[in-house]
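Working through the structure, step by step
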Amino acid sequence: MIDGAETVPERSAGAERSTRQPAGGPVAQSDTAAPPLLEVRNLKVAFGAVPVVSGVSFTVHQGEVVGIVGESGSGKSVSALALMRLLPRHAHISAERMNFCGEDLLSADRRRYEQLRGADIAMIFQEPMTALNPVLTVGEQIAETLRRHERLGRRQARARAIDALARVGIPAPARRVDDYPHQMSGGMRQRAMIAMALACQPRVLIADEPTTALDVTIQAQILELLQDLQEEFQMGTVMITHDLGVVSSFADRVMIMYAGQVVEDASAAQAFASPKHPYTEGLLASIPLSQSDVDRLYAIPGAVPPPFDLPPGCRFEPRCAASRPPCREARPVLYPCGDDHRVACIRPTGYVFPDRGECNE
Ligand SMILES: Nc1ncnc2c1ncn2[C@@H]1O[C@H](COP(=O)(O)OP(=O)(O)OP(=O)(O)O)[C@@H](O)[C@H]1O
Ligand SMILES: [Mg+2]
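If you check an unreviewed UniProt entry, the protein chain appears there as ABC transporter ATP-binding protein from Pseudohoeflea coraliihabitans. Taken from UniProt, the Sequence similarities (unreviewed entry) comment for the protein chain reads in full: "Belongs to the ABC transporter superfamily." UniProt annotates the protein chain under Subcellular location (unreviewed entry) with the comment "Cell inner membrane".

**Quick notes on unusual backbone geometry**
The residue Asn 42 is not glycine, and still its phi comes out positive at about 55°. Along the chain, Asn 42 turns up in strand 2 (residues 38-47). One non-glycine residue, Arg 85, adopts positive backbone phi at about 55°. Tracing the chain through its elements places Arg 85 in the loop between helix 1 (76-84) and strand 5 (91-95).

**Focus: the site of ligand 1**
Of all residues adjacent to ligand 1, which total 14 residues, the nearest are Ser 72, Gly 73, Lys 76, Ser 77 and Val 78. The separation between an oxygen atom of ligand 1 and a polar main-chain atom of Gly 75 is 3.0 Å. Considered on its own, ligand 1 offers 640 Å² of accessible surface; in the complex 66% of this is hidden by protein. It is helix 1 that provides the largest number of residues to the shell around ligand 1, a total of three residues. Per-class residue counts for the shell around ligand 1 are five nonpolar, six polar and three charged.

**A word on the packing of aromatic side chains**
Under the criterion given, the structure shown has three aromatic pairs. Following the ring pairs from residue to residue traces out a cluster consisting of Tyr 258, Tyr 279 and Phe 316.

**Thoughts on helix 8 (residues 216-233)**
In this model helix 8 runs 26 Å from its N-terminal to its C-terminal C-alpha over 18 residues, within 8% of the 26 Å that 1.5 Å per residue would give. Taken residue by residue, helix 8 has Ile 222, Leu 223, Leu 225, Leu 226, Leu 229, Gln 230 and Phe 233 as its buried positions. Looking straight down helix 8, one finds that the buried residues subtend no more than 160° of arc, so they occupy a single side. Exposed residues lying more than 90 degrees from the buried face of helix 8 are Val 216, Thr 217, Glu 224 and Glu 231. Following helix 8 by one or two positions, Gln 234 has its phi on the positive side, about 55°.

Thresholds, definitions, all that
- Residues numbered from 1 in each chain as written.
- Chains lettered and ligands numbered in written order.
- Predicted model: local features only at pLDDT ≥ 70, side-chain atom pairs only at ≥ 80, totals over all residues.
- Heavy atoms only, no water.
- UniProt positions renumbered as here; feature names shortened; annotations may be inferred.
- Helix = DSSP H or I, 4+ residues; strand = E, 2+ residues; numbered from the N terminus.
- Near = heavy atom within 4 Å.
- Polar contact = N/O pair within 3.5 Å; in protein donor to acceptor, adjacent residues only side chain to side chain.
- Areas by Shrake-Rupley, 256 points an atom, 1.4 Å probe, with all protein chains shown as cover.
- Nonpolar A, V, L, I, M, F, W, Y, C, P; charged D, E, K, R; others polar.
- Phe/Tyr/Trp six-rings, centres within 6.5 Å; stacked < 30°, edge-to-face > 60°.
- Expected span 1.5 Å × (residues − 1).
- Buried < 20%, exposed > 50% of the residue type's maximum accessible area, 1.4 Å probe, protein only.
- Arc of directions from axis to C-beta.

In structure tokens:
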């Protein structure tokens, strides 16, 4: 597991402090409802004076998969790393709320985070070669996680590491447990990374582009594996990807990020059937429907602006085919546009705002 210098987040003004709960299982907020596994409200991250993530909010319940989707540089990893408290020291993090099973993570100290990471909240990283330690065998790394969090002895931890490798489909796990990361193929390493993340049966899994570094066939296998494990363990999963297609059959909710902001947030069914933001539409149009489509795929023109050079109005405006002069002036905020559907666009596709008239001319 990657570790690094920690940045202590700040509670935004006006935010309510939630009760700190003891470690362990979920704690009921009321007689009827348990708190969500993760609850993030108004998360902001800046590096020095440059804000790179602004106003990100999401909730993950047990058994739910939330997809965070956006092009490179949109702030997906920074949001996840802020939650894991794995950003470098020059990162400034603030939020109104950041809870795990009702426990206030904003006031959790370093020791508490060390308990949580790997045991309760695990992360799969995009490039296993940078996340796995090259001088330890894969088995030693999985066993180390188990020894630390579950206080297992050497033998027991090794046996559990072999089981974990078997569970993610690594053939001859009793032999491969002694492999160093470089002795494994890319797909195998990613499987080993998943085995390590799931070894302690975390309640929350954050998968940051878990298949991007792999070729298409292996990508499909790893996604299928993740989906099976998700169903088996009923974790709350945050699936980060730049490819909306990856979450199409996997996610329950989708949050679309652009240039550090959430531009659309909806159930997956709504996001795919009736996207409201032109950016989401562009992402959808760039998913190949079949292999023969790959050559004539749509690509959104231009690129995500760097955080130090954002346009004054809507951040997507310079690339938006539906842009109008007002889009260059005011920055749209997330606005409800239907049941459980929010969009940050003054002209969301196909939606008529009750108080703003026809928006899809
Ligand atoms: N340690 C850092 N110091 C300064 N800026 C950073 C740092 N890490 C990320 N950034 C900047 O924050 C912005 C968001 O980066 P982030 O890594 O979250 O993007 P992403 O959506 O995960 O993209 P990708 O799909 O390429 O992984 C980018 O502009 C990036 O350059
Ligand atoms: Mg990233």
